Amino acid sequence: MLIESVVLKMTIIYKKSVVGRRGVTLPKCDVPTKSVIPEKFLRKTDTGLPELSELDVVRHFTGLSRRNYGLDTNFYPLGSCTMKYNPKVAEKIAALGGFADLHPLLPQLRNGGALTQGALAVVYELEQMLNEICGMSAFTLQPMAGAHGELTAMMMIAAYHRKKGNRKNVVLIPDEAHGTNPASAAIAGFEVRTIPTNPETGALDVEALRAHVDEHTAALMLTNPNTLGLFNADIGRVSDIVHAVDAQLYYDGANLNAVLGKFRPGDANFDAVHVNLHKTFATPHGGGGPGSGPVGVRKHLEEFLPVSRVVKRTDGTLALDYDYPESIGYIAPFYGNFGVCLKAYAYILLLGRQGLIDVSENAVLNANYVMHSLKDHFDIPYVNRPCMHECVLTAAKQTTNGVHALDVAKGLIDRGYHPPTIYFPLIVKEALMIEPTETESRETLDGFIAAMKDIADKAASDPDSLHKAPVTTPVSRLDETRAARSMDLIYKE
Ligand SMILES: *Cc1c(COP(=O)(O)O)cnc(C)c1O
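Predicted model, so just to flag it, every value in this text is computed and none were measured. Every chain's residues receive numbers from 1 upward, in the order its sequence appears when written. Per-residue local features are limited, in this predicted model, to residues with pLDDT of at least 70; the limit for side-chain atom pairs, both in listing and counting, is 80 or more; totals at the level of whole chains, interfaces and linings are taken over all residues. Values shown for side chains rest on all heavy atoms present in the structure; no hydrogens or waters enter the calculation.

### Concerning the sheet that holds strand 11 (residues 421-422)
Here is step 1 of the chain: For two strands to be treated as a pair, DSSP must find no fewer than two bridges joining them. Strands are runs of DSSP state E lasting at least two residues, helices are runs of H or I lasting at least four, and both sets are numbered from the N terminus onward. Pairing in this open sheet of three strands is antiparallel, and the strands run 10-12-11 from one edge to the other. Strands with a single pairing partner mark the edges of an open sheet, and in this sheet they are strand 10 (391-394) and strand 11.
Here is step 2 of the chain: The sheet contact formed by strand 10 and strand 12 (residues 431-434) spans four bridges and is antiparallel. Paired with Leu393 across the strands is Leu432, a residue of strand 12.

Structure (structure tokens):
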């Protein structure tokens, strides 16, 4: 109680300022001083910055950090986001001076070119690695998020049809897809049509697809495993239907964590793919930090890739090449989020071939363990069959007592866990989408499962306790709509 009130009493750092208090004091200067800054640029008034000791500052920011929740604090099963632990060694490598201090305008070859060859090699080699992992023939690392990758690929597909004189303006997207898919297709100028999910299989309805495909179909965007965490085994038939009208098959690879080393989109005739380096390959996802959504394509789409591209010259040196007349052009400043690519490069080398296979096997095992352990306490929508890297449960059973997915999520906060994704995919009522990832131990999963079972029990015996949750946080339930619509960012006491 007392400890909690200290946390609650946290105020802004300016309120803690005491006139004259210092973090560092220097001895009195015993030589004449002379400012090199011209008089007219010198500040006339005080900066108004808080005056504090070093300890005040450390306690202030440590206190703030304790109000935050991250992977470094505890389990974070936010479905679809792959909130897995990212090894610190990858961060360390990305911070190496030889990479981190490079200026993006350094010359590539002469006069300092040696400095950039290492960075160019990382781009070149990571593209090759992603080609191998996805079964594609060329990659660009430039897109700066998954959605940006989707848009890049949709623009390339538009360029492909334009060049062939195809009059195609429709992109088909399953109803369980991530919301970025229709947004990307629409921004690239396509009309979007939705394909329903088959209730028997929990995957794209192949007959409905067949009915929708015609000469106007430009592409099908597919996530496999889909956002229900289920693998679409009909992919061969889907590919035949789509390709019969020269439409392109697009793979949303944000869920690649489930299939690393097991399934290559290129082998299943996908024409273009994006992967999320910030989910699958060692960069924390979420919080608006930098991301990376590289796009891979098969041979026939290669000429449309954005510029620049890293090429190997005959003398073995690497250079940026801009000479691609059919390219869709620039989609990002410089070379994308290089630091994120570098972390992915380090991560792939760190794990190696078998390590990447272990990632997906353990991610799938963990998700099935959670699903199996909770199947008597929560409903499972669609078919009850093994899932891939995430499982979707629902709070449908709990709604008879007035407890909804939101209450389950808030109850988890009081039990020390970040909630799973809720109310997504949209086609599942009261959805709870749990993605444990491969980096969690059996003990952590058991703790989470126990918390979920406790919540299911409370939903039956004391539903009101869940309506009040969370009660252990500095602030309890917020009016989330009002928080977004009428933002108040000014500190008041
Ligand atoms: C996360 C995700 C995206 C979008 O990726 P961003 O980097 O957030 O833009 C697209 N599709 C699926 C299936 C995802 O999980």
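We are not done yet, so read on.
### Focus: the site of the ligand
Here is step 1 of the chain: Nearness is defined per residue: one heavy atom within 4 Å of the molecule or strand is enough. Near the ligand lie 14 residues; those nearest to it are Ser80, Gly146, Asp252, His278 and Lys279.
Here is step 2 of the chain: Between the ligand and the protein, one listed contact pairs an oxygen atom with a backbone N or O atom of Ala147 at 2.8 Å.
Here is step 3 of the chain: One of the side-chain N or O atoms of Asp252 is found 2.6 Å from a nitrogen atom in the ligand.
Here is step 4 of the chain: Calculation of accessible area relied on Shrake-Rupley with a 1.4 Å probe; when residues are assessed, cover is drawn exclusively from the protein chains displayed. Starting from 380 Å² of accessible surface for the ligand in isolation, the protein chains cover 91%.
Here is step 5 of the chain: Looking at the shell around the ligand, the elements with two or more residues in it are helix 6 (146-164) and helix 10 (277-280).
Here is step 6 of the chain: Take the shell around the ligand: its biggest share by element is three residues, from helix 6.
Here is step 7 of the chain: The residue classification treats Ala, Val, Leu, Ile, Met, Phe, Trp, Tyr, Cys and Pro as nonpolar and Asp, Glu, Lys and Arg as charged. All others, Gly included, are polar. Looking at the shell around the ligand, its residues break down into three nonpolar, eight polar and three charged. Polar contact is the term for a pair of N or O atoms within 3.5 Å; when the atoms are in protein, one must be able to donate a hydrogen and the other to accept it, and sequence-neighboring residues count only if both atoms are side-chain atoms.

### A few points about the pattern of salt bridges
Here is step 1 of the chain: Salt bridges are defined by distance alone: a side-chain nitrogen of Lys or Arg within 4 Å of a carboxyl oxygen of Asp or Glu. Tallied over the entire structure, the rule returns 25 salt bridges.
Here is step 2 of the chain: Ionic pairing is found between Arg21 and Asp56, a salt bridge with its closest N-O pair at 3.5 Å. Residue Arg21 is located in the loop between helix 1 (2-8) and helix 2 (54-66), and its partner Asp56 is located in helix 2; the two are separated by 35 residues in the primary sequence.
Here is step 3 of the chain: Note that Glu302 and Lys299 form a salt bridge whose closest N and O atoms lie 3.1 Å from each other.
Here is step 4 of the chain: When its relative accessible area of 17% is taken as the criterion, Glu302 is described as buried. For every residue, the accessible area obtained with a 1.4 Å probe (protein chains only) is divided by the maximum for its type, and the residue is called buried under 20%, exposed over 50%, and partly exposed between those limits.

### Considerations on the domain arrangement of the protein
Here is step 1 of the chain: Note that the domain bounds were set by an automatic or database domain assignment. Looking at the protein, the domain boundaries give domain 1 (2-65), domain 2 (88-350) and domain 3 (355-485).
Here is step 2 of the chain: For domain 2 versus domain 3, the separation of C-alpha centres amounts to 30 Å.
Here is step 3 of the chain: On the side of domain 3, 22 residues touch domain 2, which itself brings 28 residues to the contact.
Here is step 4 of the chain: Here's the idea: put two parts together, see how much 1.4 Å probe accessible area each one loses, and the total over both is what we call buried area. Both faces considered, domain 2 and domain 3 share a buried interface measuring about 2,000 Å² in area, 64% of it formed by carbon and sulfur atoms.
Here is step 5 of the chain: With its nearest N and O atoms 2.4 Å apart, the salt bridge here joins Lys262 to Glu361.
Here is step 6 of the chain: Of the residues that constitute the side of domain 2 that touches domain 3, the class distribution is 13 nonpolar, 11 polar and four charged. Every residue pair with non-hydrogen atoms within 4.5 Å of one another is taken to be in contact.

### Regarding the packing of aromatic side chains
Here is step 1 of the chain: Geometry of aromatic contacts follows a simple scheme: Phe, Tyr and Trp rings, the Trp one being its six-membered ring, pair when their centres are within 6.5 Å, and the pair is stacked under 30 degrees between planes, edge-to-face over 60, tilted otherwise. The full count for this structure, using the stated rule, is 12 aromatic pairs.
Here is step 2 of the chain: When the ring of Phe75 is compared with that of Tyr417, the centres are 6.3 Å apart and the planes differ by 85 degrees; the resulting orientation is edge-to-face. On the criterion of sequence distance, the pair formed by Phe75 in the loop between helix 2 and helix 3 (88-94) and Tyr417 in the loop between helix 12 (405-414) and strand 11 is long-range, its members being 342 residues apart. Comparing Phe75 with Tyr417 shows no difference in burial state: the two are buried.
Here is step 3 of the chain: On the numbers, 6.1 Å between centres and 50 degrees between planes, the contact of Phe99 with Phe338 is tilted. Taken together, the residues span a long stretch of sequence, with Phe99 in helix 4 (residues 97-100) and Phe338 in helix 11 (residues 338-374) at a distance of 239 residues.
Here is step 4 of the chain: One aromatic cluster in this structure is built from Phe231, Tyr251, Phe263 and Phe270.
Here is step 5 of the chain: In this analysis the charged atom, NZ for Lys or CZ for Arg, is taken to sit over a ring once it is within 6 Å of the ring centre and within 35 degrees of the ring normal. The residue whose ring lies beneath Arg309 is Tyr324, and the NZ or CZ to ring-centre distance is 4.9 Å.

### With respect to the nonpolar core
Side chains that are nonpolar tend, in soluble globular proteins, to be buried together.
Here is step 1 of the chain: As used in this record, nonpolar core signifies buried Ala, Val, Leu, Ile, Met, Phe, Trp, Tyr and Cys residues forming a set joined through side-chain atoms within 4.5 Å. Leu126, Leu209, Leu220, Val238, Leu256, Leu277 and Phe281 are the most contacted members of the largest nonpolar core, which has 58 residues in total.
Here is step 2 of the chain: Residues within four places of Leu256 in sequence aside, it is in contact with Ile133, Cys134, Tyr251, Val275, Thr280 and Phe281.
Here is step 3 of the chain: Core analysis: the next-biggest nonpolar cluster, separate from the first, contains 26 residues, Cys387, Cys391, Tyr417 and Phe448 among them.

### Comments concerning helix 6
Here is step 1 of the chain: A helix is expected to span 1.5 Å multiplied by its residue count minus one. Helix length check: helix 6, at 19 residues, gives a terminal C-alpha distance of 27 Å against a target of 27 Å (1.5 Å per residue), a fit within 8%.
Here is step 2 of the chain: Taken residue by residue, helix 6 has Gly146, Gly149, Glu150, Thr152, Ala153, Met154, Met156, Ile157, Ala158, Ala159, Tyr160 and His161 as its buried positions.
Here is step 3 of the chain: At the C-terminal side of helix 6, Gly165 shows a positive phi close to 75 degrees.

### Focus on the packing of helix 12 against helix 13 (residues 442-461)
Here is step 1 of the chain: Here an axis means a line fitted to C-alpha atoms, over the contact stretch when the element is a helix, while the angle between two N-to-C directions is reported on a 0 to 180 degree scale. For the pair helix 12 and helix 13, interaxial distance at closest approach is 10 Å and the crossing angle is 125 degrees. In terms of orientation, helix 12 and helix 13 fall into the oblique class. Crossing angle aside, the handedness with which helix 12 passes helix 13 is right-handed. Each of Val408, Gly411 and Leu412 in helix 12 lies in contact with helix 13, whose residues at this interface are Phe448, Ala451, Met452 and Ile455.
Here is step 2 of the chain: Residues that form the contact of helix 12 with helix 13 fall into these classes: six nonpolar, one polar and no charged. An angle counts as roughly parallel when it lies under 35 degrees, as roughly antiparallel when it exceeds 145, as roughly perpendicular when it falls between 65 and 115, and as oblique in every other case. It is the rotation of the near helix from the far one that decides the hand of a crossing: anticlockwise by less than a right angle makes it left-handed, clockwise makes it right-handed.

### Details of the pairing of strand 4 (residues 217-223)
Here is step 1 of the chain: Among the seven residues that make up strand 4, seven are buried, leaving the element largely enclosed by the rest of the structure.
Here is step 2 of the chain: Pairing analysis gives five bridges linking strand 4 to strand 5 (residues 248-253), with the strands arranged parallel. The partner of Leu222 across the bridge, within strand 5, is Tyr251.
Here is step 3 of the chain: Note on the crossover from strand 4 through helix 9 (residues 235-243) to strand 5: the handedness is right-handed. Here, the term right-handed applies to a crossover whose path from the first strand over the helix to the second runs clockwise when the strands point away from the viewer.

### What to know about the side chain of Asn276
Here is step 1 of the chain: Within the secondary structure, Asn276 is located in the loop between strand 6 (272-275) and helix 10.
Here is step 2 of the chain: Residue class for Asn276 comes out buried when judged on its relative accessible area of 4%.
Here is step 3 of the chain: Residues contacting Asn276, with those up to four places away along its chain left out, are Gly146, Gly253, Ala254, Phe281 and Ser292.

### Here we look at the packing of helix 6 against helix 7 (residues 180-187)
Here is step 1 of the chain: Where helix 6 meets helix 7, the closest approach of the two axes is 8 Å, and the angle between their N-to-C directions is 40 degrees. Classed by the angle they form, the pair helix 6 and helix 7 counts as oblique. Along this stretch, helix 6 crosses helix 7, giving a crossing that reads as right-handed. Each of Ala147, Glu150, Leu151 and Met154 in helix 6 lies in contact with helix 7, whose residues at this interface are Thr180, Asn181, Ser184, Ala185 and Ile187.

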